[in-house]
Amino acid sequence: MSGFETISIEILDNVGIITLNRPKALNAINTQMVEEIGCALDAWTASSLAAVILTGEGKAFAAGADISQMSTFSATEAQQFALSGQRTLRKLEHFPAPTIAAVNGFALGGGCELAMCCDIILSGPKAKFGQPEVNLGVIPGFGGTQRLVRRVGRQAALELMMTGRMVRAEEAVSLGLALRIEEDVLTGAKALAAEIAKKGPVAIRLVKEVVDTTDRMDTDAGLAVEASAFGLCFATNDQTEGMTAFLEKRSANFTGQ
Ligand code: CAA
């Protein structure tokens, strides 16, 4: 697959890597980038990729939605832009394989919102996170009012969205926004993806699916979904292989079947 202008994509060791690639504009997210990220995810949804990593070219992950483009939007155009960004980010959030944001630099506004749609956020030492939309007289539009609250809690999320202040990597970790700091964040993300790739692929996808689908359920309903999915594992070759390998004291050779 090729022809993208705002992102570059590659598959390495069965891990898809999407690199936001408008470094001169600090990878600001315009309508074209929203579409291209969506297309890349669509093309990979039915694949057997072990994981997808998102990162940014240059000194930013993404410094937000493209202010030059947004500056002339009418109210209707702005709403459509928010809706299309939300649709693409939802695809990322629901991507069947694990997703990792390797936040190499600024992750602001739409950039922070994009990272928050990944299952795991790893932070480079120089990364800076924030929702600075209020500095521009607007609010987050790609899901920040929803996902930041869930990641860091209402109080911390409101403080960040009302002040627009940027937080460094250490604070992002202490808030629970990022999982940890990696000296070389892309290398760290690849290592994490490789670790996940060694496990039973069906089980990995089911872990994500159960966690996501039961998010808003009460515990009893969530436990019922978990029990069904646990049972389903026992209809797979991966379960037979995983348990046989353990008993035979060897590494499992999973096939994802
Ligand atoms: N949109 C468009 N262009 C952007 C951009 C953005 N979000 N962020 C940076 N750029 C451009 C700058 O205009 C500049 O372009 P020129 O070289 O052509 O002048 C280039 O990227 C480099 O930026 P700076 O010179 O400003 O770099 P810096 O290191 O001095 O500052 C920064 C970096 C603090 C991130 C600063 O660029 C900044 O504050 N950017 C805007 C961040 C922001 O407000 N993001 C939220 C956008 S709104 C949003 O995202 C809404 C939503 O939820 C959907």
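Only a predicted model underlies this, so the values are computations on that prediction, with no experimental measurement involved.

Is there a simple way to explain the site of the ligand in this structure?
Around the ligand lies a shell of 23 residues, among which Lys59, Ala65, Gly110, Glu113 and Glu133 are the nearest. One nitrogen or oxygen atom from the main chain of Lys24 is found 3.4 Å from an oxygen atom belonging to the ligand. In this structure, a nitrogen atom belonging to the ligand sits 2.9 Å away from a main-chain N or O atom of Ala63. Relative to its unbound accessible area of 980 Å², the ligand is 62% covered by the protein chains. Elements represented by at least two residues in the shell around the ligand include exactly helix 2 (67-70), strand 6 (106-108) and helix 4 (110-115). Of the residues assigned to the shell around the ligand, the class counts are 14 nonpolar, four polar and five charged.

What am I meant to see in unusual backbone geometry here?
Only a minority of non-glycine residues have a phi that is not negative, and only a minority of peptide bonds are not trans. Backbone geometry at Asn14 places phi at a positive 65°, although glycine is not the residue there. As for its placement among the helices and strands, Asn14 is situated in the loop between strand 1 (7-12) and strand 2 (15-20). The backbone of Lys249 shows a phi angle near 55°, a positive value even though the residue is not glycine. By the secondary structure assignment, Lys249 is in the segment after helix 11 (237-247). Under the relative-accessibility criterion, Lys249 is labelled exposed at 77%.

What should I look at first to understand the layout of surface pockets in this one?
The method is simple in principle: a probe with the dimensions of a water molecule rolls over the atoms, and the space it marks as empty is what remains. Of the pockets and cavities examined, the largest pocket occupies roughly 810 Å³. Residue lining of the largest pocket: 28 residues in total, with Glu93, Arg147, Arg150, Asp212 and Asp215 positioned closest to the centre. When residues of the lining of the largest pocket are traced back to their parent elements, those giving at least two are helix 3 (75-93), helix 5 (144-152) and helix 9 (201-213). Ranked by the residues each element gives to the lining of the largest pocket, the list is headed by helix 5, at six residues. Split by residue class, the lining of the largest pocket holds 11 nonpolar, seven polar and 10 charged. In terms of domain composition, the lining of the largest pocket takes at least three residues from each of domain 1 (7-197) and domain 2 (201-247). Volume-wise, the second largest pocket comes out at about 540 Å³. Residue assignment for the lining of the second largest pocket shows that the elements contributing at least two residues are helix 2, helix 3 and helix 4. At four residues, the largest contribution of residues to the lining of the second largest pocket is made by helix 3.

Looking at this model, I keep getting lost on the sheet that holds strand 7 (residues 120-123). Mind explaining?
Note on sheets: strands pair through backbone hydrogen bonds, and any given pair is parallel or antiparallel. Strand order in the open sheet formed by six strands is 1-2-3-5-7-10, and the pairing between neighbours is mixed. Only two strands of the sheet have a single partner each, and these edge strands are strand 1 and strand 10 (180-181). Judged from the two bridges that link them, strand 7 and strand 10 form a sheet pairing that is parallel. Considered in strand 10, the bridge of Ser123 is made with Ile181.

What exactly am I supposed to notice about helix 1 (residues 31-45) here?
Since the α-helix packs 3.6 residues into each turn, any two residues three or four apart lie on the same face. Taking 1.5 Å of rise per residue, the 15 residues of helix 1 would be expected to cover 21 Å, and the 21 Å separating its terminal C-alpha atoms lies within 8% of that figure. Against strand 1, strand 2, strand 3 (51-56), helix 3 and helix 4 lie the buried residues of helix 1.

Sorry, what's going on with the pattern of salt bridges here?
Following the criterion strictly, the structure yields 13 salt bridges and no others. Glu93 is the salt-bridge partner of Arg90, the closest N and O atoms lying 2.6 Å from each other. Separated by three residues within a single helix, Arg90 and Glu93 lie in helix 3, roughly one turn from each other. Arg90 gets classed as partly exposed once you look at its relative accessible area, which sits at 42%. Judged by its relative accessible area of 17%, Glu93 is buried. One salt bridge connects Glu171 with Arg165, and the closest N-O pair in it is separated by 2.6 Å. Of the residues examined, Glu171 reaches a relative accessible area of 27% and is grouped as partly exposed. Its relative accessible area of 29% is what places Arg165 among the partly exposed residues.

Cut-off values and rules
- Residues numbered from 1 in each chain as written.
- Predicted model: local features only at pLDDT ≥ 70, side-chain atom pairs only at ≥ 80, totals over all residues.
- Heavy atoms only, no water.
- Near = heavy atom within 4 Å.
- Polar contact = N/O pair within 3.5 Å; in protein donor to acceptor, adjacent residues only side chain to side chain.
- Areas by Shrake-Rupley, 256 points an atom, 1.4 Å probe, with all protein chains shown as cover.
- Helix = DSSP H or I, 4+ residues; strand = E, 2+ residues; numbered from the N terminus.
- Nonpolar A, V, L, I, M, F, W, Y, C, P; charged D, E, K, R; others polar.
- Buried < 20%, exposed > 50% of the residue type's maximum accessible area, 1.4 Å probe, protein only.
- 1 Å grid on protein atoms, 1.4 Å probe; cavity = no way out; pocket = protein on both sides within 12 Å on 5 of 7 lines; lining within 4 Å.
- Points joined across faces, edges and corners; volume = space filled by probe spheres on them.
- Domains from an automatic or database assignment.
- Pairing = 2+ DSSP bridges.
- Expected span 1.5 Å × (residues − 1).
- Contact = heavy atoms within 4.5 Å.
- Salt bridge = Lys/Arg side-chain N within 4 Å of Asp/Glu carboxyl O.

Keep in mind these numbers describe shape, not what the thing actually does.
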